[in-house]
Amino acid sequence: MRTRVLSFLNQWRGTAKEAFENVSIVAKFLCLLHVTDRYIISSTHVQGPSMLPTLNLTGDVILAEHLSHRFGKIGLGDVVLVRSPRDPNRMVTKRILGLEGDRLTFSADPLVGDCSVSVVIPKGHVWIQGDNLYASTDSRHFGPIPYSLIEGKALLRVWPPEYFGSLR
């Protein structure tokens, strides 16, 4: 009887070891997937009128990389993913139009157009705007945003297929 119990325990130990190894492989893969998606590159669905005509109103899927903003490699004209200053649970997609130290003059109300405002972008901040001035809530409404709110830089549109390519 004791031999049968030991044999059963040895068999169970082998099965448990194999299961643990398989779970370990899956856990490592999921960790790699998380790190890649959060810190290197991810796909993001963006929609809304603020970036018309660059992005479609009904939505596009873009690839965004999450490295260049960490190394200060964001420049004028780049399309970026930004954590909204008004709602931190929301991501917005805008274009960088000014870097720290730049002086910008913009129309306070693009529909009227006769009142302009000048601003100097402070250190550690950027100026973001949507391509569709008439339907975008951006730095014209909440001022320059801290560099730390930038989550990534849009590389290219991958969906819909007919618009595949760069967002420049």
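Residues numbered from 1 in each chain as written. Predicted model: local features only at pLDDT ≥ 70, side-chain atom pairs only at ≥ 80, totals over all residues. Heavy atoms only, no water.

**Observations regarding the overall build of the chain**
- Tallying secondary structure elements over the chain gives two helices and 10 strands in all.
- Across the chain, helices and strands are ordered from the amino to the carboxyl terminus as α-β-β-β-β-β-β-β-α-β-β-β.
- Compactness check: the chain gives a C-alpha radius of gyration of 24 Å against a globular reference of 15 Å for 168 residues, more than 25% above the reference.
- Taking the principal axes of its C-alpha atoms as reference, the chain extends roughly 95 × 40 × 25 Å.
- A buried classification covers 33% of the 168 residues belonging to the chain.
- Partitioning the contacts of the chain with sequence separation of at least 6, the portion at a separation of at least 24 is 50%.
- For the chain, the computed accessible surface area is about 10800 Å², with 60% contributed by carbon and sulfur atoms.
- Of note, the chain has its 19 positive side-chain charges centred 11 Å away from the centre of its 15 negative side-chain charges. (Helix = DSSP H or I, 4+ residues; strand = E, 2+ residues; numbered from the N terminus. Rg over C-alpha atoms; globule rule 2.2 N^0.38 Å. Buried < 20%, exposed > 50% of the residue type's maximum accessible area, 1.4 Å probe, protein only. Contact = heavy atoms within 4.5 Å. Areas by Shrake-Rupley, 256 points an atom, 1.4 Å probe, with all protein chains shown as cover. Lys, Arg positive; Asp, Glu negative; His and termini not counted. Charge placed at Lys NZ, Arg CZ, Asp CG, Glu CD.)

**Concerning the UniProt feature "domain: Peptidase S26" (unreviewed entry) in the chain**
- Under the feature "domain: Peptidase S26" (unreviewed entry), the UniProt entry names residues 23–111 and 119–159.
- A distance of 36 Å separates the end C-alpha atoms of residues 119–159, which is 10% helix and 46% strand. (UniProt positions renumbered as here; feature names shortened; annotations may be inferred.)

**Overview of the pattern of salt bridges**
- As enumerated under the stated definition, the model contains six salt bridges in all.
- Among the ionic pairs, Lys 153 bridges to Asp 78, the shortest N-O distance being 3.7 Å. Of this pair, Lys 153 sits in strand 9 (residues 150–159) while Asp 78 sits in the loop between strand 2 (60–65) and strand 3 (79–83); the two residues are 75 residues apart in sequence, bridging distant segments of the chain. When sorted by exposure, Lys 153 lands in the same class as Asp 78, which is buried.
- With its nearest N and O atoms 3.4 Å apart, the salt bridge here joins Arg 83 to Glu 151. (Salt bridge = Lys/Arg side-chain N within 4 Å of Asp/Glu carboxyl O.)

**A word on unusual backbone geometry**
- In this model, Leu 52 is joined to Pro 53 through a cis peptide bond whose omega is 0°.
- Relative to the assigned elements, Pro 53 resides in the loop between strand 1 (41–46) and strand 2.

**Some details on the nonpolar core**
- Ranked by size, the top nonpolar core spans 10 residues in total: Ile 74, Val 80, Val 82, Val 92, Ile 96, Val 126, Ile 128, Ile 145, Leu 149 and Ile 150.
- At the level of elements, strand 3, strand 4 (91–98) and strand 7 (125–129) are the ones that each hand at least two residues to this core.
- Membership of the second largest hydrophobic core comes to nine residues, among which are Val 46, Met 51, Leu 55 and Val 79. (Core = buried A, V, L, I, M, F, W, Y, C linked by side-chain atoms within 4.5 Å.)

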